[in-house]
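# Topology and contacts: notes
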There are 2 protein chains.
Amino acid sequence: MSENININNNDIILTSRVRLARNLSDYPFVTKLNNEQSKEILDIFRNLTGDIKTSDNSKMSFIDLSSMKQYEKAALIEQHILSPEMMNENISRGLILSQDQKTSILINEEDHLRIQHMENGLNLYKCFEIANEADDSIESKVKYAFDETLGYLTCCPTNVGTGMRASVMLHLPALSQTNQIENLIHSLSTLGIVFRGIYGEGSDFKGHIFQISNQITLGVEEKATIELINTIALDIAKREKECRNKLYKANKFEFEDRIMRSLGIFKNAVKMTSAEALKLISDIRLGASMGIIKDIEISKLNKLMQDIMPASITKNYNITDSLERDIKRCEIIKNII
Amino acid sequence: MSENININNNDIILTSRVRLARNLSDYPFVTKLNNEQSKEILDIFRNLTGDIKTSDNSKMSFIDLSSMKQYEKAALIEQHILSPEMMNENISRGLILSQDQKTSILINEEDHLRIQHMENGLNLYKCFEIANEADDSIESKVKYAFDETLGYLTCCPTNVGTGMRASVMLHLPALSQTNQIENLIHSLSTLGIVFRGIYGEGSDFKGHIFQISNQITLGVEEKATIELINTIALDIAKREKECRNKLYKANKFEFEDRIMRSLGIFKNAVKMTSAEALKLISDIRLGASMGIIKDIEISKLNKLMQDIMPASITKNYNITDSLERDIKRCEIIKNII
């Protein structure tokens, strides 16, 4: 392995995502919807599905969430398509999903509409462009709750204005293991940036996966917000790279040993919890990113990060027993790696 | 894997060994030898080397231990050829060694002569036969200290009589992990059998390798002693087998998981202490013996158990730094496995 490690940004930045919160002007916000109204809203968008255009021309499908089993919804939550809110069956909720699952529109989540688009790596501009096109095609058919001064009106005041949340998911094992996350959380909050762990909180950041997103939606331009998150993401990725190189140079063999042991366990274990799998994937991703592990593609690890999650296993293999799932998880790993 | 596990005795019984303690009648015991006398004894056996016959007809070589470096002696201790006593340079000491290293004669250890022969698996009768032939060929040339009533006279009274120690080395991970060793030590001691861990004492039996040997040498026949140790070894091996099967049936996946994780770490680690290597070899040997691991021969593990020891690495690769040795240990493992 070269002593000069060249880590690609895309090894650190997993995904980019833009979400737009929108509401219909003729209905109360979701918290005040009765069941009848929630059904009407669902029907409006069911009928509109064919008209929603996305710039990648993928076909959109409408799903009434009442037709889905809870573990199927849980699997979509693990894939970051649904939010936990959507498990609640008190009103009618729906999902419009593109074939590649990159564009998803949540109906009657916290707002009547949550239009979101996800891309791999750092690609917020494309995410915004596609979400925006979907938004325009819907807006041409319905009347949004919009105020000339404030902008888009949303159920929660923190989304009023652009209604936009731009977020980037990052893999930060070096910053996390050297306890630099709490400081980053604090300093980014002063810039109106939310920085948080995806799995677990506090000192137990499982898998060392983090998300940054904008806090502010009022009185700002979408493009400026995206520019800000983009810049911050690149800055954090740079810090992570520097930290990795520093750790590696400080103790090369210690560093390689930990990664290779994780790989050994990952490939050989007979049963494994999802928490352990996330931890090991984090080490292996770090090793693959730094060239310590040469024969495992990062894309396979991205796939595994979804496939090893509990609800995904339940959905894909019809397994509900916890031990059986821990065993199946190891089979899935062996098949992909 | 079959549910009916057929574990070979030789997977459990690593080696058999017979050692005969002998002294020359014309010299005081080793503890009272002056340096001059120790040199004379060394010369007697140096000159005798060519006459020592072993039934496997292997060529014997004489080594004056003062010509060996301390780490070379340490490596022979790790191979169970020398005893730690032989590191002491206060008097002249020597070693006569067969080409296959199975027959070794220690000169001026605790007694003037310690004639020993080692075989793989359970093979005490052959060990005795070969040690006995070597003994006879020496006895035809020198006068042993022998008493018609007591038998062979030895430096330590516990060896007087036959001067023979018959021992068997066993791998007992299941009995060890289920805390049955202490009870066995106690009950075997009442039969005049010494049962002890080879690496480490108390509850920390590294590698789960144990040795049984006879305590009694006075007023017994050699063949009866060998018969006794043979019977006890088979009995302990049977208990170990039953215990393995019971553990495996009680929790198949837990059992396999632990073994496969150990294999994963063993094959992938970048640095490893000898204590950890012994622990992992124990798990892998157990797995190979039970058919859980199919592609690793027990003979390779036997070789590794010697090759990964610190002094052996120092001797074979001229490495004295502890970290370098821990790294080389992993290379050795990867080369053999």
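Residues numbered from 1 in each chain as written. Chains lettered and ligands numbered in written order. Predicted model: local features only at pLDDT ≥ 70, side-chain atom pairs only at ≥ 80, totals over all residues. Heavy atoms only, no water.

## Concerning the relation of the copies chain A and chain B
The two copies are related by a screw motion: chain A maps onto chain B through a turn of 180 degrees and a shift of 0.0 Å along the axis, at an RMSD of 0.0 Å. On the angle and the small slide along the axis, the relation comes out as a two-fold axis. Within chain A, the C-alpha atom positioned nearest to the axis of rotation is that of A:Gly264, 1.9 Å from it. (Least-squares fit on C-alpha atoms with pLDDT ≥ 70 in both.)

## Observations concerning the interface of chain A and chain B
With 17 residues of chain A at the interface, the matching set in chain B holds 17 residues. Here chain A meets chain B over a buried area of about 1600 Å², counting both sides, of which 62% is carbon and sulfur. Linking chain A with chain B are 4 salt bridges, by the criterion used here. Note that B:Arg261 and A:Glu276 form a salt bridge whose closest N and O atoms lie 2.7 Å from each other. Summed over the shared surface of chain A and chain B, the number is 10 residue pairs in polar contact (both at pLDDT 80 or more). Breaking the side of chain A that touches chain B down by element, the ones donating at least two residues are helix H8 (252-268) and helix H12 (322-336) of chain A. (Contact = heavy atoms within 4.5 Å. Buried area = accessible area lost by both parts, 1.4 Å probe. Salt bridge = Lys/Arg side-chain N within 4 Å of Asp/Glu carboxyl O. Polar contact = N/O pair within 3.5 Å; in protein donor to acceptor, adjacent residues only side chain to side chain. Helix = DSSP H or I, 4+ residues; strand = E, 2+ residues; numbered from the N terminus.)

## Side note on the nonpolar core
With 70 residues, the main nonpolar core has A:Phe266, A:Met272, B:Phe266 and B:Met272 as its most contacted residues. Broken down by secondary-structure element, the contributors of at least two residues to this core are H8, helix H9 (274-289), helix H10 (298-307) and H12 of chain A together with helix H8 (252-268), helix H9 (274-289), helix H10 (298-307) and helix H12 (322-336) of chain B. For B:Met272, the contacting residues outside a window of four places in its chain are A:Arg261, B:Ile265, B:Phe266, B:Ala277, B:Leu280, B:Asp326, B:Arg329, B:Cys330 and B:Ile333. (Core = buried A, V, L, I, M, F, W, Y, C linked by side-chain atoms within 4.5 Å. Buried < 20%, exposed > 50% of the residue type's maximum accessible area, 1.4 Å probe, protein only.)

## Re the packing of helix H3 (residues 70-78) of chain A against helix H11 (residues 310-317) of chain A
Residue and element names in this part refer to chain A. In the contact formed by H3 and H11, the axes pass within 8 Å of each other and the chain directions differ by 130 degrees. Comparing the axis directions of H3 and H11 gives the class oblique. With respect to the hand of their crossing, H3 and H11 are arranged in left-handed fashion. Residues Tyr-71, Glu-72, Ala-74, Ala-75 and Glu-78 of H3 form the contact with H11, whose own contacting residues are Pro-310, Ala-311, Ser-312, Thr-314 and Lys-315. When its residues are assigned to classes, the contact of H3 with H11 shows 5 nonpolar, 2 polar and 3 charged. (Axes fitted to C-alpha atoms, helices over the stretch in contact; angles between N-to-C directions. Parallel < 35°, antiparallel > 145°, perpendicular 65-115°, else oblique. Left-handed = near helix turned anticlockwise from the far one by under 90°. Nonpolar A, V, L, I, M, F, W, Y, C, P; charged D, E, K, R; others polar.)

## Notes on the pairing of strand E3 (residues 94-98) of chain A
Residue and element names in this part refer to chain A. Counting buried positions over the 5 residues of E3 gives 5, a clear majority of the element. Neither face of E3 is open: one carries Gly-94, Ile-96 and Ser-98, the other Leu-95 and Leu-97, and all of them are buried. Note that E3 and strand E4 (residues 103-107) share 4 bridges and pair antiparallel. Across the sheet, the residue bridging to Leu-97 is Ser-104, located in E4. (Pairing = 2+ DSSP bridges.)

## Notes on the packing of aromatic side chains
Residue and element names in this part refer to chain A. Overall, the coordinates contain 8 aromatic pairs over all chains when judged by the stated rule. On the basis of an interplanar angle of 70 degrees and a centroid distance of 4.9 Å, the ring pair of Phe-146 and Tyr-152 is categorised as edge-to-face. Overall, the relative accessible area of 12% leaves Tyr-152 in the buried class. Taking the centre distance of 5.5 Å and the plane angle of 35 degrees together, the rings of Phe-195 and Phe-210 count as tilted. One end of the pair, Phe-195, is in strand E9 (residues 193-197); the other, Phe-210, is in strand E10 (residues 209-214), with 15 residues separating them in the sequence. No difference in accessibility class separates Phe-195 from Phe-210, as the two residues are buried. (Phe/Tyr/Trp six-rings, centres within 6.5 Å; stacked < 30°, edge-to-face > 60°.)

## So, the sheet that holds strand E2 (residues 60-64) of chain B
Residues and elements named next belong to chain B. One open sheet holds the 8 strands; their spatial order is E2-E3-E4-E5-E1-E8-E10-E9, and the pairing between them is antiparallel. Both edges of this open sheet fall to E2 and strand E9 (193-197), since each of them pairs with a single strand only. Adjacent strand axes in the sheet meet at a mean angle of 20 degrees when their direction is disregarded. Across 5 bridges, the pairing between strand E4 (residues 103-107) and strand E5 (residues 113-120) is antiparallel. Paired with Ile-105 across the two strands is Ile-115, which belongs to E5.

## Focus: the pattern of salt bridges
Applying the stated criterion across every chain, the model contains 43 salt bridges over all chains. In this structure, the salt-bridge partner of A:Arg244 is A:Glu240, at a minimum N-O distance of 2.7 Å. Here the residue A:Arg244 and the residue A:Glu240 both occupy positions in helix H7 (residues 222-250), the gap between them amounting to 4 residues, near one helical turn. We classify A:Glu240 as buried; its relative accessible area is 0%. For B:Arg114, the salt bridge goes to B:Asp111, with nearest N and O atoms at 3.0 Å.

## Quick notes on the state of the cysteines
The full count for this structure, using the stated rule, is 0 disulfides over all chains. Of the cysteine sulfurs around B:Cys155, a residue in no disulfide, the closest is that of B:Cys156, at 7.0 Å. (Disulfide = S-S within 2.5 Å.)

## Considerations on the environment of A:Ala134
Mapped onto the elements, A:Ala134 comes out in helix H4 (residues 124-139). Remark: the alpha-carbon pair of A:Ala134 and A:Lys53, spanning 81 residues in sequence, is separated by 5.3 Å.

## Notes on the environment of A:Asp64
Residue and element names in this part refer to chain A. Positionally, Asp-64 belongs in strand E2 (residues 60-64). Residues Asp-64 and Ile-96, spaced 32 residues apart in sequence, show a C-alpha to C-alpha distance of 8.8 Å. Residues contacting Asp-64, with those up to four places away along its chain left out, are Leu-42, Arg-46 and Arg-93. A distance of 2.9 Å separates a polar atom in the side chain of Asp-64 from a polar atom in the side chain of Ser-66.

## Overview of the side chain of A:His171
Residues and elements named next belong to chain A. With respect to the helices and strands, the residue His-171 is situated in strand E8 (residues 164-171). Overall, His-171 belongs to the buried group, its relative accessible area being 0%. Of note is the side chain of His-171, whose polar atom sits 2.8 Å from the side chain of Ser-282. Those residues in contact with His-171, other than ones at most four positions away along the chain, are Asp-11, Ile-12, Leu-14, Gly-207, His-208, Ile-209, Glu-240, Arg-244, Ser-282, Arg-285 and Leu-286.

## Brief notes about the domain arrangement of chain A
Residues and elements named next belong to chain A. Domain boundaries assigned for chain A yield domain 1 (9-239) and domain 2 (251-336). The gap between the C-alpha centroids of domain 1 and domain 2 is 27 Å. Contact residues are listed per partner, giving 17 residues for domain 1 and 18 residues for domain 2. Each partner contributes to the roughly 1600 Å² buried at the junction of domain 1 and domain 2, and carbon and sulfur atoms together form 62% of this total. Run the count over domain 1 and domain 2 and you get 0 salt bridges. Between the two partners, domain 1 and domain 2, sit 7 residue pairs in polar contact (both at pLDDT 80 or more). (Domains from an automatic or database assignment.)

## Regarding the packing of helix H4 (residues 124-139) of chain B against helix H7 (residues 222-250) of chain B
Residue and element names in this part refer to chain B. Packing of H4 against H7 brings their axes to within 10 Å, and their N-to-C directions diverge by 150 degrees. Judged by the inter-axis angle, H4 sits roughly antiparallel to H7. Once H4 is placed against H7, the crossing between them reads as right-handed. Facing H4, whose interface residues are Leu-124, Tyr-125 and Phe-128, H7 presents Glu-222, Lys-223, Ile-226, Glu-227, Ile-229 and Asn-230. Counted by class, the contact of H4 with H7 contains 5 nonpolar, 1 polar and 3 charged residues.

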